[in-house]
Amino acid sequence: MGESTRHLRFGRADIQDNQTLFEYLENPKKYIPGTKMAFAGLKKAKDRNDLVTYLEEAVSYFTVCVIVFKSHHAQSRGTS
């Protein structure tokens, strides 16, 4: 995936791609041994897939909102 890979951090867990996120969501304690977190994970692959899809869509939507806001803000200030 190279340099453009999104990198997430959940506590002490490094999430570097969707596959790692998928595995983390199945069993978070595997990635953070000794944790006392209440989240036990999502055992069903469909549930994990649905959550990853939702997060991807939410990030995409947020990114578009930021781009539109910055563009509008620049236009209102007379810069582009």
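The structure we're discussing is the one just above.
Cut-offs and rules
- Residues numbered from 1 in each chain as written.
- Predicted model: local features only at pLDDT ≥ 70, side-chain atom pairs only at ≥ 80, totals over all residues.
- Heavy atoms only, no water.
- Helix = DSSP H or I, 4+ residues; strand = E, 2+ residues; numbered from the N terminus.
- Buried < 20%, exposed > 50% of the residue type's maximum accessible area, 1.4 Å probe, protein only.
- Contact = heavy atoms within 4.5 Å.
- Core = buried A, V, L, I, M, F, W, Y, C linked by side-chain atoms within 4.5 Å.
- Phe/Tyr/Trp six-rings, centres within 6.5 Å; stacked < 30°, edge-to-face > 60°.
- Lys NZ or Arg CZ within 6 Å of the ring centre and 35° of its normal.
- Expected span 1.5 Å × (residues − 1).
- Salt bridge = Lys/Arg side-chain N within 4 Å of Asp/Glu carboxyl O.

Following the sequence through the fold, Val-52 ends up in helix H3 (residues 45-76). Owing to a relative accessible area of 7%, Val-52 belongs among the buried residues under this scheme. For the pair Val-52 and Phe-22, spaced 30 residues apart in sequence, the C-alpha separation works out to 7.3 Å. Setting aside its immediate chain neighbours within four residues, Val-52 contacts Asn-18, Leu-21 and Leu-25.

Of all hydrophobic cores here, the largest spans six residues; its members are Ile-15, Leu-21, Tyr-24, Leu-25, Ile-32 and Val-52. The element best represented in this core is helix H1 (residues 18-26), accounting for three residues.

Moving on: the packing of aromatic side chains. Within this structure, the stated rule accounts for zero aromatic pairs. Across from the ring centre of Phe-22, 4.3 Å away, lies the NZ or CZ of Arg-48, which sits over that ring.

Below, the discussion takes up H3. In this model, H3 (32 residues) spans 46 Å end to end at C-alpha, consistent with the 46 Å of a helix rising 1.5 Å per residue. If you check which residues of H3 are buried, you get Arg-48, Val-52 and Ala-74. For H3, the secondary structure elements touched by its buried residues are H1.

On to the pattern of salt bridges, then. Inspection of every chain in the model, using the stated rule, returns one salt bridge. Its salt-bridge partner being Lys-46, residue Asp-50 comes within 2.7 Å of it at the nearest N-O pair. Of this pair, Asp-50 and Lys-46 both sit in helix H3, four residues apart, which is roughly one turn of that helix.

Within the secondary structure, Thr-20 sits in helix H1. Sequence-distant contacts of Thr-20, defined by excluding residues within four places in its chain, comprise Asp-14, Ile-15 and Tyr-31.

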